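Take a look at the letters that make up each chain.
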Amino acid sequence: MKGPSFYHKDAGDSAPDWVSSVEVYSESNNKNIDYIVCNDKATLLYLANLGCIEMNPWNSTVKKQEHPSYLIIDIDPSDKNTFDQVIDVALATQQVLDECGVKSYCKTSGSSGLHVFVPMGNKYDYEHVKNFAHLTAMKVTELLPDFTTLERNLKKRGNSKIYVDYLQNRRGQTIASAYSVRPKKGATVSTPLDWKEVKKGLHPSQFDIYTVPKRVAKIGDIFKPVLGRGVDIMKCLKKMEG
């Protein structure tokens, strides 16, 4: 994308009456913001008509704003990382979570990374979920110390380390939703994967606005369990410590 652009989060008085919204106080902006709640096709089409290409929802619902529906590990590569390395980090994340009894789900970011999700079922607040994600990310970087990091600062990180981002689990953070189109060459789509697909040869460019509808029609929505029953963090921590 070239030319001027901006982020627009506040529906304000501009949205039609039939578009649902929820008012949330923003500390950084020191004001209330009306966030659009997109739960139907009409609202989705309204957003598309505004030129909104990708959808980036909160991790929680309107009813339980302080309790996320899921945990996210965002695998964010630097310029000199290969996608095969991204795959290695995703598999290491799966390994860490498997060992503490947690079933995880993977999707492409639609760009250069992968996202690993764990159902939380809106049972824990953001701080608890973030701390669990932090421990998970630490374990992953211990498995792959040569090319992973927990350093968020781009200059300090360098251009050859993959950032294992656990800070996406903070209140108000957003990330491209499953099945969201991304403003990338080829109109790629953030696509849920079966773990057996996460192997050498996989690349996000395989999944776009032409291939994904056929894929979903064939295999269904394999990401639906992410919104299901959440894990027991305390049980997971005991196994992780053991």
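Here we summarise the structure given alongside this text. (Residues numbered from 1 in each chain as written. Predicted model: local features only at pLDDT ≥ 70, side-chain atom pairs only at ≥ 80, totals over all residues. Heavy atoms only, no water.)

1. Observations regarding helix H3 (residues 126–143)
Across its 18 residues, H3 extends 26 Å between first and last C-alpha, which sits within 8% of the 26 Å expected from 1.5 Å per residue. Regarding H3, the residues found buried are Tyr126, Val129, Lys130, Phe132, Ala133, Thr136, Ala137, Val140 and Thr141. Each element contacted by the buried residues of H3 is listed here: strand E3 (70–76), helix H2 (83–99), strand E6 (148–149), strand E7 (162–165) and helix H6 (233–241). The N-terminus of H3 is capped by aspartate 125, whose side-chain oxygen sits 3.2 Å from the backbone nitrogen of glutamate 127. (Helix = DSSP H or I, 4+ residues; strand = E, 2+ residues; numbered from the N terminus. Expected span 1.5 Å × (residues − 1). Buried < 20%, exposed > 50% of the residue type's maximum accessible area, 1.4 Å probe, protein only. Contact = heavy atoms within 4.5 Å. Polar contact = N/O pair within 3.5 Å; in protein donor to acceptor, adjacent residues only side chain to side chain.)

2. So, the pairing of strand E2 (residues 31–36)
As judged from the 6 bridges shared by strand E1 (residues 21–26) and E2, these two strands associate in the antiparallel manner. Bridged to serine 26 within E2 is lysine 31. The antiparallel pairing of E1 with E2 creates a hairpin that spans 4 residues between the two strands, and asparagine 30 there sits at a positive phi of about 55°. (Pairing = 2+ DSSP bridges.)

3. A closer look at unusual backbone geometry
Excluding glycine, a negative phi dihedral is what most residues carry, and trans is how most peptide bonds are arranged. Positive phi is not limited to glycine here, since tyrosine 179 has a value of about 75°. When you line up the elements, tyrosine 179 lands in the loop between E7 and strand E8 (192–193). The exposure class assigned to tyrosine 179 is partly exposed, which follows from its relative accessible area of 29%. Phi is positive for alanine 187, close to 55°, though the residue is something other than glycine. With respect to the helices and strands, the residue alanine 187 is situated in the loop between E7 and E8.

4. Description of the sheet that holds E3
Spatially, the 6 strands line up as an open sheet ordered E6-E7-E3-E5-E4-E8, and their pairing is mixed. Edge positions in the sheet fall to E6 and E8, since each has one partner strand and no second. Bridge analysis of E3 against E7 gives 3 bridges, and the strand direction is antiparallel. Along E7, the bridge assignment pairs aspartate 76 with tyrosine 163. The strands touched by H3 within the sheet are E3, E6 and E7, with E3 carrying the most contacts at an inclination of about 35°. (Axes fitted to C-alpha atoms, helices over the stretch in contact; angles between N-to-C directions.)

5. A short note on the packing of H3 against H6
Between H3 and H6, whose axes approach to 12 Å, the crossing angle comes to 25°. Regarding the angle of H3 to H6, the classification is roughly parallel. In the crossing of H3 with H6, the sense of the turn from one axis to the other is left-handed. Side by side, H3 and H6 meet where His128, Phe132, Leu135, Thr136 and Lys139 of the first sit next to Ile233, Cys236, Leu237 and Met240 of the second. (Parallel < 35°, antiparallel > 145°, perpendicular 65-115°, else oblique. Left-handed = near helix turned anticlockwise from the far one by under 90°.)

6. Considering the environment of lysine 64
Note on placement: lysine 64 falls in the loop between helix H1 (41–49) and E3. Put simply, lysine 64 and aspartate 125 are 61 residues apart on the chain and 9.3 Å apart in space, counted from C-alpha to C-alpha.

7. Considering the nonpolar core
Ile75, Leu114, Met120 and Phe132 are the most contacted members of the largest nonpolar core, which has 43 residues in total. Taken together, the elements giving at least two residues each to this core come down to E3, H2, strand E5 (114–119), H3, E7 and H6. For this core, the leading source of residues is H2, giving 8 residues. Not counting residues up to four positions away in its chain, the partners in contact with phenylalanine 132 are Leu71, Leu97, Cys100, Val102, Met120, Ile233, Cys236, Leu237 and Met240. Grouped together as the second largest cluster of nonpolar side chains are 8 residues, Ile72, Phe117, Ile175 and Ala178 included. (Core = buried A, V, L, I, M, F, W, Y, C linked by side-chain atoms within 4.5 Å.)

8. Looking at the environment of glutamine 206
If you trace the backbone, glutamine 206 turns up in the loop between E8 and helix H5 (211–219). Contact partners of glutamine 206, with chain neighbours within four places excluded, come to Gly201 and Thr211.

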